[in-house]
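Structural features, examined
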Amino acid sequence: GDPAYHPFWEAVNALGVTVWIHPEGVKDPWFQNYSLWNSLGQSIEETKCMTSLIYEGVMTRFPDLKVVMAHGGGYFPHYLGRMDRNTANRPDTVRNTGGKTPSAFLRSFHYDTCVYDPKVFKVLLERVGADRLVMGSDYPVGEQDPVQWIRDTGVRGTDLVNIVGGNAARILGLPPEAA
């Protein structure tokens, strides 16, 4: 979200392309213990990226951006209460968002389904809707059968078809039968 990258986002917006964001991993030495750079750090990095895009005004300036966040957006979709409360206490924090709270941007992103926990997936589905989810696999360390994993959470019908391929085809501008 840093203003130095606004020309990049402007080009992405003008081209109508989709951007998928996956963290590289936290370099902070504390996170190296117990491989926390991966288990904890990835979710923090995804949340930092999303909040940066929001607070720096990228998502306000370019409301039609197609951004897919890895790992269900990390902590962002699950910790909106505290972030929104912070904007009430510190209204200066939303100076680049048109006064909108972070939760107002929840459906501005797309999210992959690689969250490893059916309960977390169900909350994400409830919060953002099936039309904002794309199947993720996190190959080779994710679910062995990511389509079956989504089925096992109870998703059926059109929602299942869209999550396992239809939504990705739509945001990539591919014909639905390519899904």
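Residues numbered from 1 in each chain as written. Predicted model: local features only at pLDDT ≥ 70, side-chain atom pairs only at ≥ 80, totals over all residues. Heavy atoms only, no water.

1. A word on unusual backbone geometry
- In the segment running from Tyr 139 into Pro 140, the intervening peptide bond is cis, with an omega of 5°.
- With respect to the element layout, Pro 140 can be found in the loop between strand 4 (133-134) and helix 7 (146-152).
- Even without glycine at this site, Ser 35 takes up a positive phi of about 55°.
- On the secondary structure map, Ser 35 appears in the loop between strand 1 (18-21) and helix 2 (36-39).
- Phi is positive for Asp 138, close to 55°, though the residue is something other than glycine.
- With respect to the helices, strands and loops of the structure, Asp 138 is situated in the loop between strand 4 and helix 7. (Helix = DSSP H or I, 4+ residues; strand = E, 2+ residues; numbered from the N terminus.)

2. Let's talk about empty space enclosed by the protein
- Taken as a whole and judged by the stated rule, the model has one cavity of 30 Å³ or more.
- Taken together, Thr 113, Cys 114, Val 115, Tyr 116, Gly 136, Ser 137, Glu 143, Pro 146 and Trp 149 make up the full set of residues lining the largest cavity.
- A per-class count over the lining of the largest cavity returns five nonpolar, three polar and one charged. (1 Å grid on protein atoms, 1.4 Å probe; cavity = no way out; pocket = protein on both sides within 12 Å on 5 of 7 lines; lining within 4 Å. Points joined across faces, edges and corners; volume = space filled by probe spheres on them. Nonpolar A, V, L, I, M, F, W, Y, C, P; charged D, E, K, R; others polar.)

3. Some thoughts on the packing of aromatic side chains
- Taken as a whole and judged by the stated rule, the model has four aromatic pairs.
- Ring centres of Phe 8 and Trp 9 lie 4.9 Å apart, and the angle between their planes is 75°; on these two criteria the pair is classed as edge-to-face.
- Residue classification places Trp 9 among the buried residues on the basis of a relative accessible area of 6%. (Phe/Tyr/Trp six-rings, centres within 6.5 Å; stacked < 30°, edge-to-face > 60°. Buried < 20%, exposed > 50% of the residue type's maximum accessible area, 1.4 Å probe, protein only.)

4. Regarding the pairing of strand 1
- Alternating positions in strand 1 separate cleanly, Val 19 and Ile 21 being buried on one face and Thr 18 and Trp 20 remaining unburied on the opposite face.
- Sheet topology places strand 1 next to strand 2 (residues 66-69); four bridges connect them, and they run parallel. Looking at the pairing, Thr 18 lines up with Lys 66 of strand 2. (Pairing = 2+ DSSP bridges.)

5. Brief notes about the pairing of strand 2
- The pairing of strand 2 with strand 3 (residues 110-112) spans two bridges and is classified as parallel. Its bridge partner lying in strand 3, Val 68 is registered against His 110.
- Once the chain exits strand 2 it traverses helix 5 (residues 80-89) before rejoining the sheet at strand 3, and the crossover so formed is right-handed. (Right-handed = clockwise from strand over helix to strand, strands pointing away.)

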